[in-house]
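Examination of the molecular architecture
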Amino acid sequence: MAELLVIGSVALDSVETPFGSVEDALGGSATYFSTAASLLTGVRVVAVVGEDFPEDHLETLRGRGIDLEGLQRVPGRTFRWSGRYVDDLNQAVTLDTQLNVFETFDPELPDSYKDSPYVFLANLHPALQLKVLEQTSGDAFTGADTMNYWIEGERSLLEEVFRRVDCVMINEAEALEFSGESNIFRAVRVIEELGPEYIVVKRGEYGAVLWHRGEIFFIPAFPLEEVIDPTGAGDTFAGGLFGYLAASDGHQTEDLRRGLMVGSVLASYNVEDFSLGRLLSITREDITMRAGHFERMIHIDSDGSVF
Ligand code: AMP
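**Regarding the site of the ligand**
Every one of the 18 residues lining the ligand counts as a neighbour, but Ser-9, Asp-13, Gly-28, Gly-232 and Asp-235 are closest to it. Interatomic distance of 3.1 Å between a backbone N/O atom of Gly-234 and an oxygen atom of the ligand. A distance of 2.8 Å separates an oxygen atom of the ligand from a polar atom in the side chain of Asp-235. The fraction of the free accessible surface of the ligand (510 Å²) that becomes covered by protein chains is 90%. Broken down by secondary-structure element, the contributors of at least two residues to the shell around the ligand are β2 (11-17), α4 (148-153) and α8 (233-248). A total of three residues in the shell around the ligand trace back to one element, the largest contributor, which is α8. Considering only residue class, the shell around the ligand consists of nine nonpolar, seven polar and two charged.

Below, the structure is given as structure tokens:
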């Protein structure tokens, strides 16, 4: 098992879906990512919260064995995001983003974090993503996520992030926006040309696609009758993938394919409740059970011939 480092937001989210709403609930890209990954491997978090962040939330994360040495508490207000899902549960409409303590955050990695062999730059200001990357070992297997907020506001820094990581994870709509293309193959090519070896395009309830040197692999989302709150699905998916890679200490195509299945299973649990309600209640047995169902759904017993 190898250690996994994540930088991202630790947030207080206010979210509205057709099934209800929450205010100032525990959220953030690093929170979802690390909670998911903690079911699979040891995970270290780099982030910042303000004085108003409930200590209980930190205790919840510590209780999962998540290493919070790199999480600072500073004067000021915690990062806040509010969003709404209207007709389309695959696409959040951002109502408000308050960077607050992230505006002046200067991430400094504890020495014990610097040799982490797996590093994930969860959705956050690309300047902060780069600062963390600069402090980690050049041998680490690295991934990065982003969103429209940074594509529109910090394009050139984001390109630099994509140039320097091994794996880019991005929503389909955001890949199209980033590339200016209207076709996902051409959009992926634009990102590929920047240098990442792997590109994972997330497609909400339609699953995800892995691109690797001209080869494509599709993973569906685990089918659910009821999705309560999709917030954090992408971060949970990434935490499942990178948690699996770190736990099995491999990053060949086959490892990523299996990791995508694990990510899909974890994301399917996350969307069954608001905030981290469901993710915090599941065990490794739940993951194994749903992974078993999933494998039967996607397996074709065949010798490869049609006729
Ligand atoms: P997801 O649904 O996986 O795309 O991510 C949702 C999480 O991203 C929420 O918990 C938010 O707190 C967090 N988030 C939203 N906007 C930003 C942003 N601009 N930077 C960092 N994190 C964000």
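Let's pick the thread back up.
**A short note on the packing of aromatic side chains**
A full pass over the atoms with the stated rule returns 11 aromatic pairs. Here the aromatic cluster, defined as three or more aromatic residues joined through ring pairs, consists of Phe-33, Tyr-118, Phe-120, Phe-141, Tyr-198 and Phe-242. When the ring centre of Phe-178 is taken as reference, the NZ or CZ atom of Arg-155 above it lies at 4.0 Å. If you follow Arg-290 out to its NZ or CZ, it ends over the ring of Tyr-269, 3.8 Å from the centre.

**Structural notes on the nonpolar core**
Counting residues in hydrophobic clusters, the biggest one holds 101 residues, and the most contacted among them are Phe-102, Leu-121, Phe-162, Met-169, Val-200, Phe-242 and Leu-266. Here the element with the most residues in this core is helix α9 (residues 253-270); it accounts for eight residues. Residue contacts for Phe-242: discarding those within four places in its chain leaves Leu-4, Phe-33, Val-119, Phe-120, Phe-141, Thr-142, Gly-143, Cys-167 and Met-169.

**Comments concerning the sheet that holds strand β9 (residues 141-145)**
Here nine strands make up an open sheet; going across it, the order is β5-β4-β1-β8-β9-β10-β11-β12-β13 and the pairing mixed. The strands lining the two open edges of the sheet, one partner per strand, are β5 (67-73) and β13 (215-219). Averaged over all pairs of adjacent strands, the angle between strand axes in this sheet comes to 15°, irrespective of strand direction. The pairing of strand β1 (residues 4-7) with strand β8 (residues 118-121) spans four bridges and is classified as parallel. Its bridge partner being in β8, Ile-7 is matched across the sheet by Leu-121.

**Looking at the side chain of Gln-129**
Its location among the elements puts Gln-129 in helix α3 (residues 126-134). You can call Gln-129 buried: its relative accessible area is 0%. Engagement of the side chain of Gln-129 in a polar contact is seen with the backbone oxygen of Leu-121, the distance being 3.2 Å. Setting aside chain neighbours within four positions, we find Gln-129 in contact with Leu-121, Ala-122, Asn-123, Leu-124, Asp-145, Leu-158 and Val-161.

**Regarding the pairing of strand β3 (residues 20-27)**
The pairing of β2 with β3 spans six bridges and is antiparallel. Residue pairing in the sheet places Val-15 in a bridge with Val-22 of β3. Where β2 folds back on β3, the antiparallel hairpin that results is connected by two residues.

**Overview of the packing of helix α1 (residues 29-37) against α8**
Two elements in contact, α1 and α8, have axes whose closest approach is 7 Å; the angle formed by their N-to-C orientations is 40°. With respect to α8, the element α1 is oriented oblique. α1 and α8 meet at a crossing whose hand is right-handed. For the pair α1 and α8, contact is made by Ser-29, Tyr-32, Phe-33, Ala-36 and Ala-37 and by Asp-235, Thr-236, Ala-238, Gly-239, Gly-240, Phe-242 and Gly-243, respectively. Class assignment for the residues of the contact of α1 with α8 results in six nonpolar, five polar and one charged.

**Description of the environment of Phe-141**
Looking at the secondary structure, you find Phe-141 in strand β9. Separated by 25 residues in the primary sequence, Phe-141 and Ser-116 have C-alpha atoms spaced 9.1 Å apart. Not counting residues within four places of it along the chain, the set of residues in contact with Phe-141 comprises Pro-117, Tyr-118, Val-119, Asp-166, Cys-167, Tyr-198, Phe-242, Leu-245, His-251 and Leu-256.

**What about the sheet that holds β3?**
Strand order in the open sheet made by the four strands is β3-β2-β6-β7, with mixed pairing throughout. Each edge of the open sheet carries a strand with a single partner, namely β3 and β7 (93-98). Going from strand to strand, the sheet's axes swing by 15° on average, the running direction of each strand aside. Pairing analysis gives five bridges linking strand β6 (residues 80-84) to β7, with the strands arranged antiparallel. Bridging across to β7, Arg-80 finds its partner in Gln-98. Packing against the sheet, α1 makes contact with β2 and β3, and its axis sits at approximately 80° to β3.

Criteria and cut-off values
Residues numbered from 1 in each chain as written. Predicted model: local features only at pLDDT ≥ 70, side-chain atom pairs only at ≥ 80, totals over all residues. Heavy atoms only, no water. Near = heavy atom within 4 Å. Polar contact = N/O pair within 3.5 Å; in protein donor to acceptor, adjacent residues only side chain to side chain. Areas by Shrake-Rupley, 256 points an atom, 1.4 Å probe, with all protein chains shown as cover. Helix = DSSP H or I, 4+ residues; strand = E, 2+ residues; numbered from the N terminus. Nonpolar A, V, L, I, M, F, W, Y, C, P; charged D, E, K, R; others polar. Phe/Tyr/Trp six-rings, centres within 6.5 Å; stacked < 30°, edge-to-face > 60°. Lys NZ or Arg CZ within 6 Å of the ring centre and 35° of its normal. Core = buried A, V, L, I, M, F, W, Y, C linked by side-chain atoms within 4.5 Å. Buried < 20%, exposed > 50% of the residue type's maximum accessible area, 1.4 Å probe, protein only. Contact = heavy atoms within 4.5 Å. Pairing = 2+ DSSP bridges. Axes fitted to C-alpha atoms, helices over the stretch in contact; angles between N-to-C directions. Parallel < 35°, antiparallel > 145°, perpendicular 65-115°, else oblique. Left-handed = near helix turned anticlockwise from the far one by under 90°.

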